[in-house]
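Report on the structure
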Amino acid sequence: MLKSSKGVMLILILVLSLTVFVGCGQRSDKQVVSEDSTSQIKSGGNVVVVVPQDPDYLDPHLAAAAGTQEMMFNVFEGLVKPDNQGHIHPAVASDYTVSEDGLVYTFTLRKGIKFHNGNLVTVDDVKYSLERLMGVETGEPLAASFTVIDNIETPDQQTVVITLKEFDASFLANLTVAILPEDNADHNLNPIGTGPFKFIEYVPEQRVVIEKFADYWKEGVPYVDKVEFRIIPDNEAALLSFKSGAIDIYPRIANERLEELGSEFHYVQGMQNMVQLMTMNIAHKPFDDIRVRRAINYAIDVDEIIEAVAFGLGTKLGSNMSPVMPQYYQEGLESTYNLNIERAKELLTEAGYEDGFKTVISVPANYQFHVDTAQVIASQLQKVGIDVDIELVEWGVWLDRIYRGRDYEMTIIGFTGKLDPHKILGRFTSDYDANFLNYNNSEYDELIKQATKTVDLEQRAELYRRAQQILTEDAAAVYIMDPNFAVAMKQNIQGYIIYPLDVLDMSTIYFTE
Amino acid sequence: MKKNLNLYIGGGLILIQLLAMLVSFVYTPFDPNEMNIQERFSPPSWNHWLGTDNFGRDILSRIMKGSQTAFLVGTIAVSIGLTIGTFIGAFAGYLGGWIDEIIMRLTDTLQAFPGILLALMFITVFGPSTVNTMLALSLVSIPVFSRISRSGFIQYKQFEFVEAARAMGLSTIRIMFLHILPNVMSPLIVAASMGFASAVLAEAGLSYLGLGVQPPDPSWGRMLNEAQNYIFKAPWYTLSPGIMITISVLGFNLLGDGIRDLRDPRIT
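About the cut-offs
- Residues numbered from 1 in each chain as written.
- Chains lettered and ligands numbered in written order.
- Predicted model: local features only at pLDDT ≥ 70, side-chain atom pairs only at ≥ 80, totals over all residues.
- Heavy atoms only, no water.
- Helix = DSSP H or I, 4+ residues; strand = E, 2+ residues; numbered from the N terminus.
- Buried < 20%, exposed > 50% of the residue type's maximum accessible area, 1.4 Å probe, protein only.
- Contact = heavy atoms within 4.5 Å.
- Areas by Shrake-Rupley, 256 points an atom, 1.4 Å probe, with all protein chains shown as cover.
- Lys, Arg positive; Asp, Glu negative; His and termini not counted.
- Charge placed at Lys NZ, Arg CZ, Asp CG, Glu CD.
- Phe/Tyr/Trp six-rings, centres within 6.5 Å; stacked < 30°, edge-to-face > 60°.
- Lys NZ or Arg CZ within 6 Å of the ring centre and 35° of its normal.
- Expected span 1.5 Å × (residues − 1).
- Domains from an automatic or database assignment.
- Buried area = accessible area lost by both parts, 1.4 Å probe.
- Salt bridge = Lys/Arg side-chain N within 4 Å of Asp/Glu carboxyl O.
- Polar contact = N/O pair within 3.5 Å; in protein donor to acceptor, adjacent residues only side chain to side chain.
- Nonpolar A, V, L, I, M, F, W, Y, C, P; charged D, E, K, R; others polar.

Another aspect to go through is the overall build of chain B. Per the secondary structure count, chain B includes 9 helices and 0 strands. Ordered by position from the N terminus, the helices and strands of chain B form the series α-α-α-α-α-α-α-α-α. For the C-alpha atoms alone, the extent of chain B along its principal axes is close to 75 × 50 × 30 Å. Counting every position in chain B, which comprises 268 residues, the buried fraction comes to 53%. Long-range contacts, defined here as pairs at least 24 residues apart, represent 69% of the contacts in chain B between residues at least 6 apart. With an accessible surface of roughly 12,200 Å², chain B has 69% of that area assigned to carbon and sulfur atoms. Placing the 17 positive and 16 negative side-chain charges of chain B at their respective mean positions leaves the two points 5 Å apart.

Below, the structure written as structure tokens:
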């Protein structure tokens, strides 16, 4: 007993000291928003960026973690490279043409482009890199999307011709994958690429360091000399370190923490190409009834969720696509189901649920953002008589029971974005193996299938826009928002560009004054 | 005789919380689960005595509602633990021999695991819910009570009144629970009071980890968990459940000490 009461006292002291600590916390009401300052660019300087995890592989063809890709984006480049609008630009290649039938891609190598080891990039390096991904030598493709390549030819020292077995609308987006030097013995130990920064060192659980590549093909960039990605897994420790000045850039700062930053910091924010949505298991009563799904859509006030959960820093969505993809985004859908309690009740009555019903919303417990959203939705649905229990499930259980097992009533999740609209909208086709919504509409399936076969870009985009309309009309889910994400940095760092991808682009930032 | 300060202070603190809990059954200033986004993060005021949280819910109402959970979990966990613990301790202590060996080695095994770890394991296997939290915590408290009860029975079974009862031919069960148990009750009550404090704390701990009471129902630990993200923005939000946990743990510990002083003339 004595022992346990000692333990109790210890915890008591901890709780007390926590509350005292809270008492001392100071409120800062300063709202710091970054403005486009045009103060002169100063070249040079070292930057420290905090990242939450170690890279999984330094070899870009093996790396799968988003956390690795966001760092190594600075080191490696493909034949083409994405910009922050989701458009694709030539990189290692200076130019490319696509044949009429979309089967033959002809790339012209950029003149004088060098690897970090000083060697010129040759067509053989390109061929080697792509064949490595196809698994020509090993028989095991490193990336399934490259098996569509029929053959690669190098008619001269500047040209690479890639012929596909069949048309693949997402092929160009896949060519953002790294081009590597053929003579590098170990890509994982000594990664060499063509990006604006070269790799210097990786100390596990501490840092990844990259340095300015003087021979980079694009004139003028990068501005800073050295970037250290400091690995701090604990968010709170990272934020404290940032506030103390030891770290220059803090990516993905939580929206509710922005107010804590003093005037020596500023932040930039943007959409992250994510679709946060509440799905209803359509194979499950009463969600098989479109009137019930529409009623729920009418009963949920998305604006209130954005205000309550994301502090207003989110973009309202009407279908399964973020406006950050302007080429494919169908405008105007977000106001289809504006809050309308009366209409919701009418629809429920029509469907035979005038007294409402009881249901369960299962949310992954590790995402406080989704848990908070569930709480708001539960209180909103209460108003039309739908009684919602919230069930917190572990991430593993969520994947197993809900995502794969499809055993649930409602859940909230965020679909992370891709550059390829097929990967975003293909989730709703009836034959998609992780279509855990159990959404099934043959017209929709047909549209998506047709889009993958359409070579003309504008026609394709039109098909995808129509697909978004169907998802809204069918009320396949409650589309909530694309939550903004913010990157905070010291006041004297400017030029940061936000991507709708897992990218921390260090080539555009510079110090002022 | 010195004034029994521990008893008064401890009893007073618990009485206040008990009253708040009883009142919450019939009245709370606001609906504890009602959201009001416009009024979120309001600091303490006449309207919201303890301020509002990130959804604009009234913290005082949630604290009051949360005390129901705390007391419910505490009461059930301690009752189950106390009953089972006393029983098996009584048999082990009174009967002795191989029964004692087996029972005590089993409770030793149970006690070898840190309490919170055992509770975590239990909840991971059977799923998080209020009922499972209570069961897990009672399981953890069984060894504490059984040890106290056993030592009491070993001590008293050699007393003359027990021998007299045995000589009169009374049944073993009758001797154990009518003649010995009242003498052993005193340390058990003290242990129960302290056990209550541990149970409240453990429930808060489990809810803090997201394994106890499920949202949106309020629980002090869950509130502490949700409040920590806003520790700088809304310090009153963390402060309220933190202080409530402190008060109840402190109160029950002082109360336990007070009862011990009251029942044991040697110390006072």
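Once the structure has been displayed, the description carries forward.
A few words now on the packing of aromatic side chains. In total, this model carries 33 aromatic pairs over all chains according to the counting rule given. Arranged with centres 5.5 Å apart and planes meeting at 65 degrees, the rings of Phe73(A) and Tyr499(A) form a pair that is edge-to-face. With Phe73(A) in the loop between helix 2 (66-72) and strand 2 (80-82) and Tyr499(A) in the loop between strand 19 (493-494) and strand 20 (510-511), this pair connects stretches of sequence that are 426 residues apart. With respect to class, Phe73(A) is no different from Tyr499(A); both count as buried. Where Phe146(A) meets Phe171(A), the ring centres are 6.4 Å apart and the plane angle is 70 degrees; that geometry is what we call edge-to-face. Remark: Phe171(A) occurs in helix 4 (residues 171-174) and Phe146(A) occurs in the loop between helix 3 (123-134) and strand 6 (149-156); sequence separation between them is 25 residues. The pair Phe146(A) / Phe171(A) is uniform in exposure class, with both members buried. Joined through ring pairs, the aromatic side chains of Trp398(A), Tyr403(A), Tyr408(A), Phe415(A), Phe428(A), Phe436(A), Tyr439(A) and Tyr444(A) make up one cluster. A cation sits over an aromatic face here: Lys81(A) above Phe73(A), 5.3 Å from the ring centre. Seen from the ring of Phe311(A), Arg40(B) lies directly overhead, with NZ or CZ sitting 4.5 Å from the centre.

It is worth spelling out helix 3 of chain A at this point. All names here are of chain A. Its 12 residues give helix 3 an end-to-end C-alpha distance of 16 Å, which sits within 8% of 16 Å, the value for a rise of 1.5 Å per residue. Among the residues making up helix 3, those that are buried are Val123, Asp125, Val126, Tyr128, Ser129, Leu130, Leu133 and Met134. On its buried face, helix 3 is in contact with strand 5 (104-109), strand 6 and strand 7 (159-164). Positive backbone phi, at 75 degrees, marks glycine 135, one or two positions downstream of helix 3.

Looking now at the domain arrangement of chain A. All names here are of chain A. Splitting chain A by domain gives domain 1 (1-22 + 76-184), domain 2 (31-58 + 195-269 + 485-513) and domain 3 (275-483). The C-alpha-based centres of domain 1 and domain 3 are spaced at 31 Å. Summed over both partners, the interface of domain 1 with domain 3 comes to about 810 Å²; 62% of that surface belongs to carbon and sulfur atoms. Here domain 1 is connected to domain 3 by 0 salt bridges. Counting across the interface, domain 1 meets domain 3 through 1 residue pair in polar contact (both at pLDDT 80 or more). Across the side of domain 1 that touches domain 3, the residue classes tally to 3 nonpolar, 6 polar and 2 charged.

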